[in-house]
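Notes for the structure review
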Amino acid sequence: MSNKNISMAVIRRLPKYHRYLGDLLDRDIQRISSKELSDIIGFTASQIRQDLNNFGGFGQQGYGYNVEELYNEIGKILGLSRTYNSIIIGAGNLGQAIANYSGFTKAGFKIKALFDANPRMIGLKIRDFEILDSDDIEEFVAENDIDIAILCIPKNGAQEVVDRLVKSGIKGVWNFAPLDLEVPNDVIVENVNLTESLFTLSYLMNEDK
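Small disclaimer: the values here were computed from a predicted structure and weren't measured.

1. Some details on the overall build of the protein
Across its full length, the protein carries nine helices and nine strands. Each principal axis of the C-alpha atoms in the protein carries an extent, and together these give about 60 × 50 × 35 Å. For the protein, restricting intrachain contacts to residue pairs at least 6 apart in sequence, the fraction spanning at least 24 positions comes to 57%. Accessible surface for the protein amounts to roughly 12800 Å². Of this, 48% is attributable to carbon and sulfur atoms. Side-chain charges of the protein comprise 22 positive and 29 negative groups, with the mean position of each set lying 5 Å from the other.

2. Let's talk about the sheet that holds strand β3 (residues 84-89)
Within the open sheet, the seven strands sit side by side as β5-β6-β4-β3-β7-β8-β9. Their pairing is mixed. The sheet terminates laterally at β5 (125-126) and β9 (188-191), the two strands that pair on one side only. Taken together, the four bridges between β3 and strand β7 (residues 148-151) define a ladder with parallel strand orientation. From the neighbouring strand, serine 86 faces β7, where its bridge partner is isoleucine 148.

3. Overview of the side chain of serine 38
Relative to the helices and strands, serine 38 is located in helix α2 (residues 34-41). Its relative accessible area of 12% is what places serine 38 among the buried residues. Those residues in contact with serine 38, other than ones at most four positions away along the chain, are Phe43, Thr44, Ala45 and Ile48.

4. Looking at the domain arrangement of the protein
Under the domain assignment, the protein is made up of domain 1 (6-76) and domain 2 (82-193). Here the C-alpha centroids of domain 1 and domain 2 sit 32 Å apart.

5. A closer look at the UniProt feature "DNA-binding region" (unreviewed entry) in the protein
The feature "DNA-binding region" (unreviewed entry), as annotated in UniProt, sits at residues 16-55 in this numbering. The straight-line gap between the two end C-alpha atoms of residues 16-55 is 16 Å; of that span, 70% is helix and 5% is strand.

6. Comments concerning a negative patch on the surface
A contiguous patch of negative charge, built from Asp135, Asp136, Glu139 and Glu143, is present on the exposed surface. Tracing the backbone shows glutamate 139 in helix α7 (residues 137-144). Since its relative accessible area comes to 48%, glutamate 139 is described here as partly exposed.

7. Remarks on the UniProt feature "domain: CoA-binding" (unreviewed entry) in the protein
What UniProt calls "domain: CoA-binding" (unreviewed entry) maps, in this numbering, to residues 79-180. Spanning residues 79-180, this segment combines 30% helix with 28% strand, and its end C-alpha atoms are found 25 Å apart.

8. Structural notes on helix α4 (residues 67-77)
Here α4 has its buried residues at Val67, Leu70, Ile74 and Gly75. Here the buried residues of α4 occupy an arc of 135 degrees about the axis, which is enough to place them on one side. Tucked into the core, α4 has its buried residues touching α1 (8-26), β1 (31-32), α3 (45-53) and β2 (65-66). The backbone nitrogen of glutamate 68 lies 3.2 Å from a side-chain oxygen of the residue at the head of α4, namely asparagine 66. In the segment just after α4, glycine 79 is the residue with positive phi, at about 80 degrees.

9. Describing the pairing of strand β4 (residues 109-116)
The pairing of β3 with β4 spans six bridges and is parallel. Counted as the bridge partner of isoleucine 87 is alanine 113 from β4. The pairing of β4 with strand β6 (residues 129-133) spans three bridges and is classified as parallel. Across the sheet, the residue bridging to phenylalanine 115 is leucine 132, located in β6.

The rules behind these values
Residues numbered from 1 in each chain as written. Predicted model: local features only at pLDDT ≥ 70, side-chain atom pairs only at ≥ 80, totals over all residues. Heavy atoms only, no water. Helix = DSSP H or I, 4+ residues; strand = E, 2+ residues; numbered from the N terminus. Contact = heavy atoms within 4.5 Å. Areas by Shrake-Rupley, 256 points an atom, 1.4 Å probe, with all protein chains shown as cover. Lys, Arg positive; Asp, Glu negative; His and termini not counted. Charge placed at Lys NZ, Arg CZ, Asp CG, Glu CD. Pairing = 2+ DSSP bridges. Buried < 20%, exposed > 50% of the residue type's maximum accessible area, 1.4 Å probe, protein only. Domains from an automatic or database assignment. UniProt positions renumbered as here; feature names shortened; annotations may be inferred. Patch = residues over 30% accessible without salt bridge, like charges linked within 9 Å, V, L, I, M, F, W, Y side chains within 5 Å. Salt bridge = Lys/Arg side-chain N within 4 Å of Asp/Glu carboxyl O. Arc of directions from axis to C-beta. Polar contact = N/O pair within 3.5 Å; in protein donor to acceptor, adjacent residues only side chain to side chain.

What follows is the structure, given as structure tokens:
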């Protein structure tokens, strides 16, 4: 079955399955039923079975799921069996926080460099990364086989930067800029809008008042 036929709702649940299964492995739990997984994650057992059946049969009736096997298979489905060379555009507080988070490297997302347009930032070091001049993005991408750009800049100028990244061959953008970017069909953008998420929290806290 082509993964293009899988709904985004299912795809967005996969990272949560992967995280909880990783927690189970850390606790040396080797086997789990869909009902037990349901109690932990919060999805119904039926939903879990339906989600996983989109990618083939993983469980056995009367046995449940082999936790390590399912964890590894979901990792493969998510593309976590390879390494992604990544760069961060914008070395402010958010960009620095992402660069300092070791979990991304452990998951296969290897930060290769940070870029910034502020002359006062250029040459400074974050962990082992020297902040480079944004003018040099295209050359760096071409020479270092970069897969993903992590955009941590204000919306002003964000589209222009993405246009440059696309021309350089970038195929994935993790976008923290509060702007809906325009990219070709063969470029994937995953938007993370912190303000929208916070506003959603605000609504849910006040909906019954």
